[in-house]
Amino acid sequence: MNWDEPTETAAAPLQDGTAERPDRLVGPDADGEDTAVEAALRPKDLQEFVGQERVREQLDLVLRAARARGATADHVLLSGAPGLGKTTLSMIIAAEMGAPIRITSGPAIQHAGDLAAILSSLQEGEVLFLDEIHRMSRPAEEMLYMAMEDFRVDVIVGKGPGATAIPLELPPFTLVGATTRAGLLPPPLRDRFGFTGHMEFYAPGELERVIHRSAGLLDVHIEADGATEIAGRSRGTPRIANRLLRRVRDYAQVKADGVITRETAAQALDVYEVDGRGLDRLDRAVLTALLKLFGGGPVGLSTLAVAVGEERETVEEVAEPFLVREGLLARTPRGRIATPAAWAHLGLTPPHQQAGGAGQQGLFGA
């Protein structure tokens, strides 16, 4: 039996290939509470937007030039991990251009007629924000090519040999597409965007600025070292930083005097099982199983998932990306292996090297 083959009980991934796990405090995707709070915390212009210096500077030039010409801005593609500010930037683009914004998503557009209905109702200069654009259906995608380039769509009336295409002129508009997987976009679609910006993970100092700004809007008293502690556990993502800030605020109001210090933040996040490096229970469970049960690897993904008690997709799509980015885990053709940093983070001693084993770790530490 091949232990690395997917099992029939594996959780079905989402349409973009990721396994859903909405209960993680350090998960990058927005839940209902995040959506409500983020609306109040979002910056309103580029000067107020924290981080992404290169993208912000380039986008400022694009928008200022469009305003000077009295024209609509070029179509914009924003790529990057969830929670880095793609939706916020789309709203800022609309605000900077003094135009209304309409928000939809790729999964909501399953037919070309869905897209035609949206495009035909746009006003001149309006900004259309299309989130998860890589998950749009192929017929709608092909219709979008002509709409972006020629501001025209062909509406098909009738079926079979009697079907006719009626050209529908569109007012000039700006499409802002957002994607977490730019590689899934076909080249013809990517080429029609006049500006492409890639959102990077935030540095700790930038996250501290985000946290201080959010704390002011939430009327939370936070000290500098408290913001530093939260920023260090936020995985480089503002959405996670704001979520951790709210949980630490709750702890400070109940267990402390309402002031967030380094000690208060550390105690609160320990309660929520988020350690000093931003790892949560799932991340540590994967590392602990890899180190203690399999001597640091290599071990197959399915075997590791069984040892953790999670589905294969959960381990691969939810836990592994951050562990790999942090240099705690590596994917190899033979399986998953732990790095020296993983042993150090969990305070464990690597097993002795097997004699004549070409530097490979023994399975049981022999």
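Heads up: these notes are all about the structure in this document.

Rules used throughout
- Counting restarts for each chain, with residues numbered from 1 along the sequence as it is written.
- Two thresholds apply to this predicted model, a pLDDT of at least 70 for residue-level local features and 80 or more for giving and counting side-chain atom pairs, whereas whole-chain, interface and lining totals are computed over all residues.
- Water and hydrogen atoms play no part in the side-chain values, which are based on all heavy atoms of the structure.
- Numbering of helices and strands runs from the N terminus, with a helix taken as a DSSP run of H or I at least four residues long and a strand as a DSSP run of E at least two residues long.
- Think of it in three bands: with a 1.4 Å probe and only protein chains considered, a residue is buried below 20% of the maximum accessible area for its type, exposed above 50%, and partly exposed in between.
- Note on contacts: a residue pair is in contact if any heavy atoms of the two residues lie within 4.5 Å.
- Residue burial considers only the protein chains on display, and all accessible areas are found by Shrake-Rupley using a 1.4 Å probe.
- Should a side-chain nitrogen of Lys or Arg be within 4 Å of a carboxyl oxygen of Asp or Glu, the pair is scored as a salt bridge.
- Only Phe, Tyr and Trp rings are paired, with Trp represented by its six-membered ring, and only when their centres lie within 6.5 Å; those with planes under 30 degrees apart are stacked, over 60 edge-to-face, the remainder tilted.
- Consider the ring centre and the ring normal. A charge sits over the ring if Lys NZ or Arg CZ is within 6 Å of that centre and within 35 degrees of that normal.

## Let's talk about the overall build of the protein
Scanning the protein from N- to C-terminus turns up 14 helices and eleven strands. Counting only residues that meet the buried cut, the protein has 47% of its 366 residues in that class. Sequence-distant contacts, at least 24 apart, represent 70% of the contacts inside the protein between residues at least 6 apart. Accessible area of the protein: about 17500 Å², with a carbon and sulfur share of 53%.

## Points about the pattern of salt bridges
All told, the structure shown has 20 salt bridges when counted by the stated rule. The salt bridge partner of Glu48 is Arg213, with a shortest N-O separation of 2.7 Å. Remark: Arg213 occurs in helix 7 (residues 204-217) and Glu48 occurs in the loop between helix 1 (32-41) and helix 2 (53-69); sequence separation between them is 165 residues. Given the relative accessible area of 32%, Glu48 is considered partly exposed. Note that Glu141 and Arg138 form a salt bridge whose closest N and O atoms lie 3.2 Å from each other. Here Glu141 pairs with Arg138, and both are found in helix 5 (residues 138-150), just three residues apart, close to one helical turn. Given the relative accessible area of 5%, Glu141 is considered buried. Judged by its relative accessible area of 52%, Arg138 falls in the exposed class.

## With respect to the packing of aromatic side chains
Using the criterion set out here, one finds one aromatic pair in the structure. Centre to centre, the rings of Phe151 and Phe173 are 5.5 Å apart; their planes meet at 80 degrees, and the pair counts as edge-to-face. Remark: Phe173 occurs in the loop between strand 5 (164-169) and strand 6 (174-179) and Phe151 occurs in the loop between helix 5 and strand 4 (152-157); sequence separation between them is 22 residues. Its guanidinium or amino end placed over the ring of Phe322, Arg235 lies 3.9 Å from that ring's centre, counting from NZ or CZ.

Nothing here speaks to function; it is all geometry.
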